[in-house]
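Coordinate analysis (summary)
One letter stands for each residue in the lines below.
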Amino acid sequence: MSAPSFRIPAMDVLRGCAVMGILWMNISAFALPQAAYFNPRAAGPPSIGDILFWLISFLFFDGKMRALFSILFGASMLLLIDREELAGRDGRRVQMIRAAWLFLIGLSHYLLLWWGDILMIYALVGGAALPFIGKEPLSLMKWAFLFFLAHFLICTLSIVTLYGWADTAASPGAAQTVREGYASFAASFTDPRSTAIQSDIQTYRSGFGTILHHHLALFADEWPRGLLFSGFDTLGFMLIGMAMLKGGFLTGRWDPDQYKRTAVHCFVIGLIPMAGLEAWLILGNFPLLPTYGAVIAWSFPFRIPLAVGWAALILWLLARNRDHPLALRIGAVGRMALSNYLGTSLVMCAIFYGWGLGLFAHLRPVQFPLLLLGAWLVMLIWSASWLSRFGIGPMEWLWRSLARGKPQKIRKSS
C-alpha cells in the first residue's frame, strides 16, 4: 500500500489474489452464525453442495489466504521502512504511526461492521515484528518457525483441554453443572437450534444499534482471546514475508520454473495430509472435537507450505502472463487492498445484516460461490476504473493522510 512509484507489481497481484481469496473464507462468517465457520452442521442439515463448499474452503482457503496476506504485510512493512529511511526519515517511527492509525481503522471496522477484523491484529503484531527487520533471511525463517511452534502449542493445549472437559462430563461422577456446561458448548457448534446459534441469528437480523452493542461486548470479552490464538502465527508469516522479500521471491524475479517447482512441492506437502484430515471428518460426519481441532490446530502445520505454494503458483502464472488484462486488474485490486477489504465488509454486511437486506442465515453455503463471483467481478472492475483516475484507493488515501497528519495527493498527475 505504498506510493505507486515504489510498488512491486508482483506483490500487487499477490495482494489482489489474497484479498479476493480472504472473501471466500469470510463469506461464511458474514452470512451464517460464527459456529458454521468451524462446523458445517452448525447451520442446519448440510446438503452435498454445502459440505463441498466447506471442504473446498478448508482445503484451499482457510488460513492460507490470511497467511498470504500476512506474508505481504510483513514484506510491505519492510519496503516502507526502507523507503522512509532513504528519504531521511525515521522508518520505524513512521511505521508505528501508521500502525496506530491502522488499529483505529480496524477498531472502527470491528465495531461498526464486522467482528472478524484482521487490521487491529496486523497493527499490533506489526509492532512486534519491528525488532526483526534487520535480520538475515535464514534467521527470519528460524524465528518464524519458533513463533509457529508457539501458536501450535497454544492451539493444541486448547483442544486437549476440551477433550479433558468432554471426558469429565461423560464420567459417571461428573457434576450436573459440568455435564450441562459441556452439553451447551457442544450444541453451540453442532445444533442450529441451540441458544448460542439462535442468539447469533437474532442479533444479526436486528438493527444497527443491537449489532453495535453486541460487537462492543465481543471486543471486551473475546477479542483478546482472538489475538492470543492468531498473534503468533501472524507474526511468523510476517517474518517469512520479510525473508521472502529479501530473497527475491516476492519480487517476481525468480525463474518461472523455480516458482513452478516450489508450488508443486508445497502443494504435495500440504494437500495430501489436509485431504486425509477431510476424509477423517467426513467419515465421522463432522464430529465436534475432531472438526474443531482440525480447523484450529491439526491443519495449521500444513497451512505454512500451502500459503507459500499459493504464492509460488500465482507468481508462476504471472511470469507467464505478465501483461494479461486479468493480471493487470488483479494488480489493481491489490493496490487497493485496504479499500477492497473494508468495502467487501460494507457490502456483505449490507446484504446479510438486519440494517440491510437481512439475509443472515437465509442463504446456504452452496449459494455462496455465485455471490463470490459477483463480488470479485465488482472488485476487478471498480479497482481498475478508480486507479485510471486516482493514484491510490480511498481508504489508502485516508490512512496515509492520517499518518502524515495532512491530506495527501490522491489524483493522478496530469
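The present account deals with the structure reproduced in this document. (Residues numbered from 1 in each chain as written. Predicted model: local features only at pLDDT ≥ 70, side-chain atom pairs only at ≥ 80, totals over all residues. Heavy atoms only, no water.)

**Looking at helix α12 (residues 288-298)**
Stated precisely, the cut-off is as follows: Each residue is assigned to one of three classes by its accessible area relative to the maximum for its type, calculated with a 1.4 Å probe on protein chains only: buried under 20%, partly exposed between the two thresholds, exposed over 50%. Secondary structure elements are taken from DSSP: a helix is a run of H or I of four residues or more, a strand is a run of E of two residues or more, and numbering for both begins at the N terminus.
With respect to burial, α12 is a largely interior element, 10 of its 11 residues being buried. Within α12, burial applies to Leu 288, Leu 289, Pro 290, Thr 291, Tyr 292, Gly 293, Ala 294, Val 295, Ile 296 and Ala 297.

**What to know about the nonpolar core**
Cut-off, in case you're wondering: By convention a nonpolar core is built from buried Ala, Val, Leu, Ile, Met, Phe, Trp, Tyr and Cys residues, the set being connected through side-chain atoms within 4.5 Å. A contact between two residues is defined here by any heavy atoms of the two lying within 4.5 Å.
By size, the foremost hydrophobic cluster in this structure holds 135 residues, and its most contacted members are Trp 114, Phe 237, Leu 239, Leu 250 and Tyr 353. When near neighbours in sequence (up to four residues on either side) are disregarded, Leu 250 contacts Ile 8, Ala 10, Met 11, Leu 14, Ile 71, Ala 75, Gly 241, Met 244, Leu 245 and Leu 315.

**A closer look at a nonpolar patch on the surface**
Selection criterion: Patch membership requires over 30% relative accessible area and the absence of a salt bridge. Like charges are linked within 9 Å, and nonpolar side chains (Val, Leu, Ile, Met, Phe, Trp, Tyr) within 5 Å. Using the Shrake-Rupley algorithm and a 1.4 Å probe, accessible areas are obtained, with residue cover drawn only from the displayed protein chains. We define a salt bridge as a side-chain nitrogen of Lys or Arg found within 4 Å of a carboxyl oxygen belonging to Asp or Glu.
A surface patch of nonpolar side chains, about 440 Å² in accessible area, is lined by Leu 112, Phe 208, Leu 346, Val 347 and Trp 355. Topologically, Leu 346 is positioned in helix α15 (residues 337-352).

**Some words on empty space enclosed by the protein**
In plain terms, the rule: Buriedness for pockets is judged along seven lines, at least five of which must meet protein on both sides within 12 Å for an open set on the 1 Å grid over protein atoms alone, while cavities are sets there where a 1.4 Å probe fits but cannot get out, and lining residues have an atom within 4 Å of a point. Grid points are joined across faces, edges and corners, and a volume is the space filled by probe spheres set on the points.
For the structure on display, the rule yields three cavities of 30 Å³ or more. There is about 160 Å³ of room inside the second largest cavity. Along its surface, the second largest cavity is lined by 16 residues, and Ser 28, Ala 36, Tyr 37, Trp 54 and Ser 57 are the ones closest to its centre. Of all elements in the fold, only α1 (9-31) and α2 (48-61) reach the threshold of two or more residues within the lining of the second largest cavity. In terms of residue count, the dominant contributor to the lining of the second largest cavity is α2 (five residues).

**Observations concerning the layout of surface pockets**
Threshold: Classes in brief: Ala, Val, Leu, Ile, Met, Phe, Trp, Tyr, Cys and Pro nonpolar; Asp, Glu, Lys and Arg charged; the others, Gly included, polar.
Its boundaries defined by the atoms lining it, the largest pocket holds a volume of some 1600 Å³. Lining the largest pocket we find 48 residues, and of these Gln 34, Phe 38, Trp 115, Glu 222 and Gly 226 sit closest to its centre. Per-element tally for the lining of the largest pocket: the top contributor is helix α10 (residues 223-246), with seven residues. Its residues assigned to classes, the lining of the largest pocket comprises 29 nonpolar, 12 polar and seven charged. As a volume, the second largest pocket reaches approximately 510 Å³.

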